[in-house]
Amino acid sequence: MDLINYEFPKDFLWGGATAANQLEGGFDQDGRGLSIADALPGGKKRFDIVQTPDFNWQIDEKKYSYPNHLGIDFYHRYKKDIELFAEMGFKAYRFSISWSRIYPRGDEKEPNQAGLDFYEKVIDECSKYQIEPVITLSHYEMPLTLAKEYGGWKNRQLIDFFENYTRTIIETFGNKVHYFLTFNEINSAMQHPIMGQGLVPSNGGNEKINVFQAWHNQFVASSRAVKLAHDFNSNIKVGCMLLYATSYAYNADPRNQLANLQNNQDFNYFCGDVQVRGEYPAYTNRLFAKYGFTKSDLKIIKEDLQQLKTYPVDFVSISYYMSTAVETTGITDEQVAGNLMGGVRNPFLKVNDWDWQIDPTGLRIALDELYDRYQKPIFVVENGLGAKDKVARDGKIYDDYRIDYLKSHIKAIGAAMADGVDVMGYTAWGCIDLVSASTGEMSKRYGMIYVDLDNQGNGTLNRKKKKSFEWYKQVIATNGRVLSSDNLKY
Ligand code: BG6
């Protein structure tokens, strides 16, 4: 039997995570407005398409398919899906609210009641099974109007629109929900500002100064969310959410060590440093200079800095899938892919089907480093293996590779906790198969629940338990003590 030495605390939040635009569907129902995610075509070329100079958020159904419009139809099937989560024993379910379901354009004064009603039902369904909802306020979407007419997050007006939206959410659900996350993988805008900031080349997405201005506005919006939540109910905890890709220097060459230090600061830590410590870090001037501007080129007002300092986040949440390596001396240029960002191939690691490096030890390092830096509780709100699952002749899905991946990462969390890190919980990504964020594919599956749907939108949408379903059920039931799948009934 595969036991680990560390015992997870009784209140550890085991569960799964999803995002509205990747699973809900119902994209034009009950008054929902279009969101930027609705304009993302399916397929591996989706980022190439939206990054062409003339892309202006047009949806062209003759030319492209849009898998996010259907998602996996959670909008109509949420009851059954949450029942399956409950059967696995989830203590927490992380999902996001589609901002454009609540404020269809984003700039209205009054919300769309039908949108609120939907999330009320989802939250109540979770409560029925004592599942703690963990809500992401903005997971790679915003109302399309805010990107098209207002120019995305580089426009300061979005701070007020987001505050209005957040107030509505907190006032409506703040007595039932204790955990909120502000912006999903906020730091990923370094590579793909379309996703979190609504920036494409035609509205300035190619210029880094706009990305940093957008970040500043999001930092202020995040601190306003913390204030709103705490004022409403002091039991609510608000977290930031970082895409964390543990970064190694390729070798001991001091030039690579320095480049790695800076990669960590610029990518892994910059957004967290501001949101957790409440101020811009010391290396900010170096970072801005790298892109040819200074702090005075950004619109940062005095009250903003005060606000950031007064309302930092309560905890840090991360996604962790892979690690990366940094090499600047010319000894290798072999690249590897990754979660919205790649790097140099690390010869010590294996990769998944999409060339992301698998590295559970990197998760332990991530947790140790983050906790050393911030001394705030950490919530691993995304981790998982994207793979092409096959339905076997007997109709079952034997996803032992996924079990191996999840098991090794859970062990790494246990080890980090034994190191002294305060980890609040673990919500495995895409606990039910959903549309991939980077490629818009259904065939890149993360779930413990299989959804019968292919990349072309064909399929019954029926749900089926994979082997990992039974395995995760056992992990949660034993509070992480039994990680082996040896005697599993499936
Ligand atoms: C994270 C996102 O980047 O990783 C999710 O927060 C995403 O939205 C997940 O789905 C996995 O990435 P992908 O591209 O394989 O779907």
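Just so it is clear, the structure is predicted and the values come from calculations on it, not from any experiment. (Residues numbered from 1 in each chain as written. Predicted model: local features only at pLDDT ≥ 70, side-chain atom pairs only at ≥ 80, totals over all residues. Heavy atoms only, no water.)

**Considerations on the sheet that holds strand 13 (residues 378-382)**
Consideration 1: An order of 1-2-3-4-5-7-13-14 is seen for the 8 strands of this closed barrel, with the pairing classed as parallel. With direction set aside, neighbouring strand axes in the sheet form an average angle of 25°.
Consideration 2: The sheet contact formed by strand 5 (residues 237-243) and strand 7 (residues 315-319) spans 5 bridges and is parallel. The residue bridging Cys240 from the neighbouring strand is Val316, located in strand 7.
Consideration 3: Relative to the sheet, helix 13 (residues 360-374) contacts strand 5, strand 7, strand 13 and strand 14 (423-429), its axis offset from that of strand 7 by approximately 155°.
Consideration 4: Of the strands in this sheet, strand 1 (13-17), strand 13 and strand 14 touch helix 14 (residues 400-418), which is tilted by about 170° from strand 14. (Pairing = 2+ DSSP bridges. Helix = DSSP H or I, 4+ residues; strand = E, 2+ residues; numbered from the N terminus. Axes fitted to C-alpha atoms, helices over the stretch in contact; angles between N-to-C directions. Contact = heavy atoms within 4.5 Å.)

**Here we look at the packing of aromatic side chains**
Consideration 1: The final tally for this structure, using the stated rule, is 42 aromatic pairs.
Consideration 2: Where Phe212 meets Trp215, the ring centres are 5.1 Å apart and the plane angle is 85°; that geometry is what we call edge-to-face. One end of the pair is Phe212 and the other is Trp215, both in helix 9 (residues 208-232) and 3 residues apart, which spans about a single turn.
Consideration 3: Looking at Phe212, the relative accessible area reads 1%, which means it is buried.
Consideration 4: Look at Phe270 and Phe288: their rings are 6.4 Å apart centre to centre, the planes differ by 70°, and that puts the pair in the edge-to-face class. Of the two residues, Phe270 is situated in helix 10 (residues 254-277) and Phe288 in helix 11 (residues 284-290); the sequence distance between them amounts to 18 residues.
Consideration 5: Positioned over the ring face of Tyr269 is Arg373, at 3.9 Å from the centre of the ring.
Consideration 6: Positioned over the ring face of Tyr490 is Lys396, at 4.9 Å from the centre of the ring. (Phe/Tyr/Trp six-rings, centres within 6.5 Å; stacked < 30°, edge-to-face > 60°. Buried < 20%, exposed > 50% of the residue type's maximum accessible area, 1.4 Å probe, protein only. Lys NZ or Arg CZ within 6 Å of the ring centre and 35° of its normal.)

**Re the site of the ligand**
Consideration 1: Near the ligand lie 15 residues; those nearest to it are Gln22, Glu185, Ser438, Lys444 and Tyr446.
Consideration 2: Within the side chain of His139, one N or O atom sits 2.8 Å away from an oxygen atom of the ligand.
Consideration 3: Measuring from an oxygen atom of the ligand, one finds a side-chain N or O atom of Tyr446 at 2.5 Å.
Consideration 4: When the free accessible area of the ligand is taken as 370 Å², the share hidden by the protein chains comes to 100%.
Consideration 5: When its residues are assigned to classes, the shell around the ligand shows 6 nonpolar, 6 polar and 3 charged. (Near = heavy atom within 4 Å. Polar contact = N/O pair within 3.5 Å; in protein donor to acceptor, adjacent residues only side chain to side chain. Areas by Shrake-Rupley, 256 points an atom, 1.4 Å probe, with all protein chains shown as cover. Nonpolar A, V, L, I, M, F, W, Y, C, P; charged D, E, K, R; others polar.)

**A short note on the pairing of strand 4 (residues 179-183)**
Consideration 1: With 5 of 5 residues buried, strand 4 lies mostly within the body of the structure.
Consideration 2: Across 4 bridges, strand 3 (residues 132-138) lies against strand 4 in parallel orientation. From the neighbouring strand, Val134 faces strand 4, where its bridge partner is Tyr179.
Consideration 3: Bridge count between strand 4 and strand 5: 3 bridges; the pairing is parallel. Bridged to Tyr179 within strand 5 is Lys237.

**Some details on unusual backbone geometry**
Consideration 1: Positive phi outside glycine occurs at Asp355, with the angle close to 65°.
Consideration 2: Note on placement: Asp355 falls in the loop between strand 11 (350-351) and strand 12 (357-358).
Consideration 3: A relative accessible area of 24% means that Asp355 is categorised as partly exposed.
Consideration 4: Located in the positive-phi region is Leu461, a residue other than glycine, with phi close to 70°.
Consideration 5: Inspection of the secondary structure assignment puts Leu461 in the loop between strand 15 (449-451) and strand 16 (463-465).

**Comments concerning the pairing of strand 3**
Consideration 1: Burial of strand 3 is extensive: 6 of the 7 residues sit out of reach of the surface.
Consideration 2: Where strand 2 (residues 92-96) lies against strand 3, 5 bridges are found, and the strand directions are parallel. Bridge pairing in strand 3 places Arg94 opposite Val134.

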